[in-house]
Amino acid sequence: MPERDRILLFQWNGSHYDSLAGLLQLAGQEFAEQGFVVRTVTLDRPGWKDELTTLLRTEPPLCAIGMSGVGSDLLTAQRKSLWEAAKVPFFDWNCDHPAYFPRRHAIRSRYLLHGYVFPDHAQYSIRHFNANGVAFCAHLGVPPRRIFVGAPRPLAARNGRIVFAKTGADTDAIEARWRRLAPILRDLLFAASEELFHRSTAEHLPVLQRLGETHGLVLDGSGLLALRLIRELDAYIRQRRARMVLEAVRSFPVDVYGAGWEHVAREAGALRFHGPAEWRTLPGLLPGYLGCRTIH
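As the structure is a prediction and not an experimental result, all values here were calculated from the model.

## Side note on the side chain of R250
Secondary-structure assignment places R250 in the loop between α9 (224–248) and β8 (254–257). Assessed through its relative accessible area of 17%, R250 is described here as buried. Within the structure, R250 has its side chain in polar contact with the side chain of E247 (distance 2.8 Å). In this structure R250 touches V264, E267, A268, G269, A270 and L271, once residues within four positions along its chain are discounted.

## Looking at the pattern of salt bridges
Within the structure shown, the criterion is met by 24 salt bridges. In this structure, the salt-bridge partner of E33 is R146, at a minimum N-O distance of 3.0 Å. One end of the pair, E33, is in helix α1 (residues 19–33); the other, R146, is in the loop between β6 (136–137) and β7 (162–165), with 113 residues separating them in the sequence. The exposure class of E33 is exposed, given its relative accessible area of 54%. Between E195 and R210 there is a salt bridge, and its shortest N-O distance comes to 2.1 Å. On the criterion of sequence distance, the pair formed by E195 in helix α7 (residues 183–196) and R210 in helix α8 (residues 204–213) is long-range, its members being 15 residues apart. R210 sits in the partly exposed class, given a relative accessible area of 44%. What you see here is one network of salt bridges that share partners, running through D5, R6, R39 and E59.

About the criteria used
Here the residue numbering is sequential within each chain, running from 1 through the sequence in written order. Per-residue local features of the predicted model are confined to residues with pLDDT of at least 70, and side-chain atom pairs are confined, for both listing and counting, to 80 or more; whole-chain, interface and lining totals are unaffected and use all residues. Heavy atoms from the whole structure form the basis of all side-chain values; hydrogens and water molecules are not counted. The way it works is that DSSP assigns letters per residue, a run of H or I at least four long becomes a helix, a run of E at least two long becomes a strand, and they are numbered from the N terminus. Per-residue accessibility, obtained with a 1.4 Å probe over protein chains only, is compared with the maximum for each type, and a residue is labelled buried under 20%, exposed over 50%, and partly exposed between these values. Throughout this description, a polar contact denotes any pair of N or O atoms lying within 3.5 Å of each other; where both atoms belong to protein, one of them has to be capable of donating a hydrogen while the other can accept it, and for residues adjacent in sequence the pair is counted only when both atoms sit in side chains. We call two residues contacting when some pair of their heavy atoms lies within 4.5 Å. A pairing counts as a salt bridge when a side-chain nitrogen of Lys or Arg comes within 4 Å of a carboxyl oxygen of Asp or Glu.

What follows is the structure in structure tokens.
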């Protein structure tokens, strides 16, 4: 065991359904089973700054871990990276594309490690931000069965339904907003969304660059416009795919958990809409279902 046997989890409870905190807690359990002492600081909790200062001074950790850039950009009073000043490596673990909160992905520090769940996100980071000359790919893995209450349950003890947990959005409203943009951006988004509907996020930038050049627009992968367009397309395509799934299963017994489905709930069919559910409640719900439908 190294001299420093503590790992600091740096989290924020403001994410959708408190999911980032839940994922970090799972990681913390794995570290604890390996013999590490796990400490957690929650950014939006009163007194977190004093708590963090005390931990760094009295229990210097081996490393700190945060998700989606939360905590990676903390500074000292002298405007220096907190993690560099404390000499504590910070692993910034990202589920989303670097187009989201791009400033965080460009932070240069030998004590900041930029990590991504998906390989194409890591490749984008190193090619277009190259903050520290390296980016890491670390998948979340499969949660242990022990977190699912009463699993596995016999079929007779289940509710005979399928669960679908995802945030929704009205793609018609998104398209209406696009139509109010400057013609070049409007045409670019509509054309790219059709071409990219069945393709991965790794192809967003090449498609945008090729289509943009037909309008005399040259896009750079680290530029604010390209990043904004990628975010628009990513959100739209995810929601359009999710809506297509719900349309396909409308006659089946499916329970939908998540905000933003009012535009679909009006014609629910056999679907049941339960609204938002915190991440911590899902492990107790899932074993009671026949299956789970998901989409990235």
